[in-house]
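Residue-level structural notes
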Amino acid sequence: MTDEVKSQRPEGEAAEAAEGFATLAIHAGQEFEPVTGAVVPPVHFSSTYAQDGIGGLRSGYEYGRGTNPTRNSLQTQLAALEGGAMALSFGSGLAAEDALLRALMRPGQKVVLGNDAYGGTYRLISKILGPWGIENQPVDMADLDAVRAAVNSGDVPLLWVETPSNPLMKVSDIAALAEIAHEAGALLVVDNTFASPYLQKPLSLGADIVVHSTTKYIGGHSDVVGGAVVAKDAEVGEKIQFLQFAAGGVSSPMDAFLTTRSLKTLAVRMERHSDNAERVAEYLSGRDEVSAVLYPGLPDHPGHDLAARQMKRFGGMVSVRFKGGEAAARRFTEATRVFTLAESLGGIESLVNYPSEMTHASVKGTELEVPADLVRLSVGIEDVEDILADLEQALQAAAQG
Ligand SMILES: *Cc1c(COP(=O)(O)O)cnc(C)c1O
């Protein structure tokens, strides 16, 4: 991390253009340690940095809330993978969203967001930022005329979309939304948590900012909570960076290290998640107990063609609705064995979640309410035969109730 030692790899955009995703994931921001040659850079736990005389900083390092080499390494890696000018790593996805919203909005302004946004995002915007004067308008992101009307009503600096959405698996047109936002002088924010940068690159489709819960696919092992913002322009990134520094929602060195380690295998994990989820979606589609399988990889999904254009594959998340309604959905959820009943998603292990009482309980009774007959599956990377056998026995249990 000292300035005398040069990176063995080219930095910046030239490197990004020349190298593939998996190469960047493994090498961007991961230069070996200059003194010993340790191939994996050490984790820097130090909260502060010695100064050579007052103000004599080494490579700009001053205090851990502002900069930390382990966090920087993750941020370089994330910026390279999303194709942004700057990435910032936070202590959670919601801390990242909070910093982004407060850095780019002022009281009296309005954020237009999808009416199927993640429950926690809507709770942050309505319950926390609402009382500070931030207005919001949920809209169906598939209705582009409604989005255009909303973005042009009032003072709207941000249009916010999640695609595919959690847990309804709706797919929204990033390029079309970017055009609508830009015509109105707004920025488009994409929550890319479900796709991950391996499957979808919102900045290359016209979006201005990407936000992640890195707790999910990027962390990928259900052992770290984190979030990130990636900005296409450095100027926008610097505003969010200032808020991060001034308000302090940074990720810890150990969390940043775990996230960096996980990002290195994102490409292979997403391929396997997609393989397994495709099999699960096909399997469930053929079952009598099921009224709908929500997976963009299925040809009858309303967002299938769009997803095929803007995503590399369709990812690991599958939602399923039951003919037997809430009772069948609950029995199924409690009967799985390979799928652990838990909140969260995106880890290597399969998880099952009942959104209306778990992850999305906070939006009950609002426009964003999730149907009670819906179960969300985060399909892991176990052997697919074991996953399918588990679903079979859980469907039988659900039918018996
Ligand atoms: C989990 C999640 C978040 C919030 O992230 P945390 O890391 O839990 O704070 C935001 N958006 C989506 C789509 C999520 O799934």
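None of these values were measured; they are calculated from a predicted model.

Around the ligand, a shell composed of 14 residues is seen, among which Leu 94, Asp 191, Ser 213, Thr 215 and Lys 216 lie nearest. For the ligand, an oxygen atom lies 2.8 Å from a polar atom in the side chain of Thr 215. One nitrogen or oxygen atom from the side chain of Lys 216 is found 2.8 Å from an oxygen atom belonging to the ligand. Relative to its free-state accessible area of 380 Å², the ligand is covered by the protein chains to the extent of 91%. It is helix H4 (residues 93-104) that provides the largest number of residues to the shell around the ligand, a total of three residues. Residue classes in the shell around the ligand are distributed as three nonpolar, seven polar and four charged.

In globular proteins that are soluble, nonpolar side chains generally tend to be buried together. In this structure, Leu 159, Leu 188, Val 280, Val 318, Phe 332, Val 375 and Leu 377 are the most contacted members of the largest nonpolar core, which totals 82 residues. Domain assignment of the residues forming this core places at least three in each of domain 1 (3-263) and domain 2 (267-399). With residues near it in sequence (within four places) discarded, Leu 159 still touches Val 112, Met 141, Val 147, Val 151, Leu 177, Ala 181, Leu 187, Leu 188 and Val 189. With 30 residues, the next largest nonpolar core counts Phe 90, Ala 99, Leu 101 and Val 236 among its residues.

Put simply, H4 and helix H5 (residues 119-129) touch, their axes get as near as 10 Å, and they point 45 degrees apart. One way to sum up the angle between H4 and H5 is to call them oblique. As H4 runs across H5, the sense of the crossing is right-handed. On the side of H4, the interface is formed by Leu 94, Glu 97, Asp 98, Leu 101 and Arg 102, while H5 contributes Gly 120, Thr 121, Arg 123, Leu 124, Ile 125 and Leu 129.

Read from one edge to the other, the open sheet built from seven strands follows the order E1-E7-E6-E5-E4-E2-E3, with strand pairing classed as mixed. Looking along the sheet, the strands with just one partner apiece sit at the ends: strand E1 (86-90) and strand E3 (135-139). Taken pair by pair, the neighbouring strands of this sheet meet at an average axis angle of 20 degrees, ignoring direction. Here H4 sits on the sheet and contacts E1, strand E4 (158-162), strand E5 (187-191), strand E6 (209-213) and strand E7 (227-231); the angle it forms with E6, its principal contact strand, is near 150 degrees. Contacting E4 and E5, helix H7 (residues 174-183) crosses the sheet at an angle of about 150 degrees to E5.

The terminal C-alpha atoms of helix H14 (residues 384-400), which comprises 17 residues, lie 25 Å apart, in line with the 24 Å expected from a rise of 1.5 Å per residue. Here H14 has its buried residues at Val 384, Ile 387, Leu 388, Asp 390, Leu 391, Gln 393, Ala 394, Leu 395 and Ala 398. In this structure, the buried side of H14 is in contact with helix H11 (266-285), strand E8 (290-294), strand E9 (317-322), helix H13 (325-335) and strand E12 (374-378).

The topology assignment puts Val 39 in the loop between helix H2 (21-27) and helix H3 (69-82). Those residues within four positions of Val 39 in sequence are excluded, and the remaining contacts are Gln 30 and Phe 32.

For the chain, the assigned domains are domain 1 (3-263) and domain 2 (267-399). The C-alpha-based centres of domain 1 and domain 2 are spaced at 27 Å. In this assembly, domain 1 packs against domain 2 so that about 3200 Å² is buried in total across both faces, 63% of it on carbon and sulfur atoms. Counting the surface domain 1 buries against domain 2, the share from its top three residues, Tyr 198, Leu 199 and Tyr 217, is 25%. Counting the contacts that link domain 1 with domain 2 gives zero salt bridges. Applying the counting rule to domain 1 against domain 2 returns 13 residue pairs in polar contact (both at pLDDT 80 or more).

The next subject is the packing of aromatic side chains. The tally for this structure, following the rule as stated, stands at four aromatic pairs. Taking 5.0 Å as the distance between ring centres and 45 degrees as the angle between the ring planes, the aromatic pair formed by Phe 322 and Phe 332 counts as tilted. With a gap of ten residues between them, Phe 322 in strand E9 and Phe 332 in helix H13 connect regions that are remote in the sequence. Considered together, Phe 322 and Phe 332 belong to a single accessibility category, that of buried residues. In this structure, Arg 65 is placed above the aromatic ring of Phe 245, and the distance from its NZ or CZ to the ring centre is 5.3 Å. One Lys or Arg, Lys 216, reaches over the ring of Tyr 118 and ends 5.4 Å from the middle of that ring.

Scoring rules and cut-offs
Residues numbered from 1 in each chain as written. Predicted model: local features only at pLDDT ≥ 70, side-chain atom pairs only at ≥ 80, totals over all residues. Heavy atoms only, no water. Near = heavy atom within 4 Å. Polar contact = N/O pair within 3.5 Å; in protein donor to acceptor, adjacent residues only side chain to side chain. Areas by Shrake-Rupley, 256 points an atom, 1.4 Å probe, with all protein chains shown as cover. Helix = DSSP H or I, 4+ residues; strand = E, 2+ residues; numbered from the N terminus. Nonpolar A, V, L, I, M, F, W, Y, C, P; charged D, E, K, R; others polar. Core = buried A, V, L, I, M, F, W, Y, C linked by side-chain atoms within 4.5 Å. Buried < 20%, exposed > 50% of the residue type's maximum accessible area, 1.4 Å probe, protein only. Domains from an automatic or database assignment. Contact = heavy atoms within 4.5 Å. Axes fitted to C-alpha atoms, helices over the stretch in contact; angles between N-to-C directions. Parallel < 35°, antiparallel > 145°, perpendicular 65-115°, else oblique. Left-handed = near helix turned anticlockwise from the far one by under 90°. Pairing = 2+ DSSP bridges. Expected span 1.5 Å × (residues − 1). Buried area = accessible area lost by both parts, 1.4 Å probe. Salt bridge = Lys/Arg side-chain N within 4 Å of Asp/Glu carboxyl O. Phe/Tyr/Trp six-rings, centres within 6.5 Å; stacked < 30°, edge-to-face > 60°. Lys NZ or Arg CZ within 6 Å of the ring centre and 35° of its normal.

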